[in-house]
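This is what each chain is made of:
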Amino acid sequence: MALREPRPRPYRIRAPGPFDLDEIARIESESFPIPWKREFFASELAEPHRYLRVLASEDGSEPRIGGYVFAVALYEEFHINKIATDARLRRLGYGRLLLEDALAHARAAGASSVTLEVRVTNGAARAFYGSYGFTDAYRRRAYYQDGEDAMVLVLPLSSRGG
Ligand SMILES: CC(C)(COP(=O)(O)OP(=O)(O)OC[C@H]1O[C@@H](n2cnc3c(N)ncnc32)[C@H](O)[C@@H]1OP(=O)(O)O)[C@@H](O)C(=O)NCCC(=O)NCCS
């Protein structure tokens, strides 16, 4: 019988704690040209109206944290500040796991739309969000510190769970 590639380790979603910050900052610095600092993630842990989740490996093996989503619920709007998966785990469905959990939370919280900013050149992320029905709302010129524009994406949520 032919040997099979080992299956990726299973990850489960849970709320983050201060003990996760090193791993979150590691993924962040590998994933974004201008990463959030560790201290900024730390301050988010204490803020109200936040929806913060990490993917934690079930047996504690590496990578111990496989990804995260940091979002905020502002009245009727649910805004995703950050979503990333460890580069070793991409295209395995973990991004979907995080986003679908966030969308379910947004619906349950009564949000009418989900918004986020994405770099105009970030094709992977734009394809990822596009597959969920996010559409381009408008462009923010020189939104990022290096001068790149952001596209603001919006996903309307219907009260019937659409
Ligand atoms: C965007 C990101 C979170 C996707 O995470 P992921 O774990 O690879 O996502 P999934 O495996 O669940 O992919 C879901 C779908 O998104 C789309 N997608 C993801 N990466 C893609 C890529 N590089 N090119 C084209 N489509 C892509 C595909 O439709 C994919 O489904 P498929 O694999 O069945 O074709 C990940 O690429 C990442 O962390 N990027 C760096 C950080 C970032 O840019 N975050 C978003 C900032 S707004």
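(A) Seen up close, the nonpolar core. Residues I65, Y68, V69, A71, I80 and A102 are the most contacted members of the largest nonpolar core, which totals 31 residues. Counting residues per element, the ones that place at least two in this core are helix 1 (21-31), strand 2 (50-57), strand 3 (65-74), strand 4 (77-85), helix 3 (94-108), strand 5 (113-119) and strand 7 (150-156). In contact with I65, other than residues within four places in its own chain, are D20, E23, I24, I27, V54, L55 and A56.

(B) Just the environment of I65, in detail. In this structure, I65 sits in strand 3. As a C-alpha pair, I65 and L21 span 44 residues in sequence and 9.7 Å in three-dimensional space.

(C) Local environment of the site of the ligand. Taken together, the neighbourhood of the ligand is formed by 19 residues, with R90, G95, A124, A127 and F128 sitting nearest. If you list the elements that add at least two residues to the shell around the ligand, you get strand 4, helix 3, strand 5 and helix 4 (123-130). For the shell around the ligand, the element with the highest residue contribution is helix 4, accounting for 4 residues.

(D) Representation of the sheet that holds strand 7 within the structure. If you walk across this open sheet you meet the 7 strands as 1-2-3-4-5-7-6, and the pairing is mixed. At either margin of the open sheet sits one strand with a lone partner, and together these are strand 1 (11-14) and strand 6 (135-140). Taken pair by pair, the neighbouring strands of this sheet meet at an average axis angle of 25°, ignoring direction. Summarising the sheet, strand 3 and strand 4 pair through 8 bridges and their orientation is antiparallel. Paired with A73 across the strands is F78, a residue of strand 4.

(E) Representation of the pairing of strand 7 in the model. On strand 7, burial follows the alternation: M151, L153 and L155 on one face are buried, whereas A150, V152, V154 and P156 on the facing-out side are not. Relative to strand 7, strand 5 runs antiparallel, the two sharing 7 bridges. What sits directly across from E117, in strand 7, is V152. Pairing of strand 6 with strand 7, which is carried by 5 bridges, proceeds in the antiparallel orientation. In the sheet register, R139 faces strand 7, and the bridge partner there is M151.

(F) Highlighting helix 1. If you check which residues of helix 1 are buried, you get E23, I24, I27 and E28. Down the axis of helix 1, the smallest arc covering the buried residues is 135°, so these residues share one side. Exposed positions of helix 1 whose direction lies more than 90 degrees from the buried face are D22 and E30. Buried positions along helix 1 lie against helix 2 (38-45), strand 2, strand 3 and strand 4.

(G) Structural view of the packing of helix 1 against helix 2. Where helix 1 contacts helix 2, the axes come no closer than 9 Å and their chain directions differ by 130°. Of the possible angle classes, the one that applies to helix 1 and helix 2 is oblique. Here helix 1 runs over helix 2; the crossing is right-handed. Note on element contacts: helix 2 touches helix 1 through R38, F41 and A42, opposite L21, I24 and A25. Here the contact of helix 1 with helix 2 is composed, by residue class, of 5 nonpolar, no polar and 1 charged.

(H) Region of interest: unusual backbone geometry. Across the junction of E62 and P63, the peptide omega takes the value -10°, indicating a cis bond. Tracing the chain through its elements places P63 in the loop between strand 2 and strand 3. With phi around 60°, R91 is a residue other than glycine that occupies positive phi space. Here R91 shows up in the loop between strand 4 and helix 3. Taking the C-beta count within 10 Å as the criterion, R91 has 8 such neighbours and is therefore assigned exposed. The backbone of A142 sits at a positive phi, close to 50°, despite the residue not being glycine. Relative to the assigned elements, A142 resides in the loop between strand 6 and strand 7.

What counts and how
Residues numbered from 1 in each chain as written. Predicted model: local features only at pLDDT ≥ 70, side-chain atom pairs only at ≥ 80, totals over all residues. Core = buried A, V, L, I, M, F, W, Y, C linked by C-beta atoms within 7 Å. Buried ≥ 20, exposed ≤ 12 C-beta atoms within 10 Å, placed from the backbone. Helix = DSSP H or I, 4+ residues; strand = E, 2+ residues; numbered from the N terminus. Contact = placed C-beta atoms within 7 Å. Near = placed C-beta within 6 Å. Pairing = 2+ DSSP bridges. Axes fitted to C-alpha atoms, helices over the stretch in contact; angles between N-to-C directions. Arc of directions from axis to C-beta. Parallel < 35°, antiparallel > 145°, perpendicular 65-115°, else oblique. Left-handed = near helix turned anticlockwise from the far one by under 90°. Nonpolar A, V, L, I, M, F, W, Y, C, P; charged D, E, K, R; others polar.

Any functional reading would require information that these geometric values do not contain.
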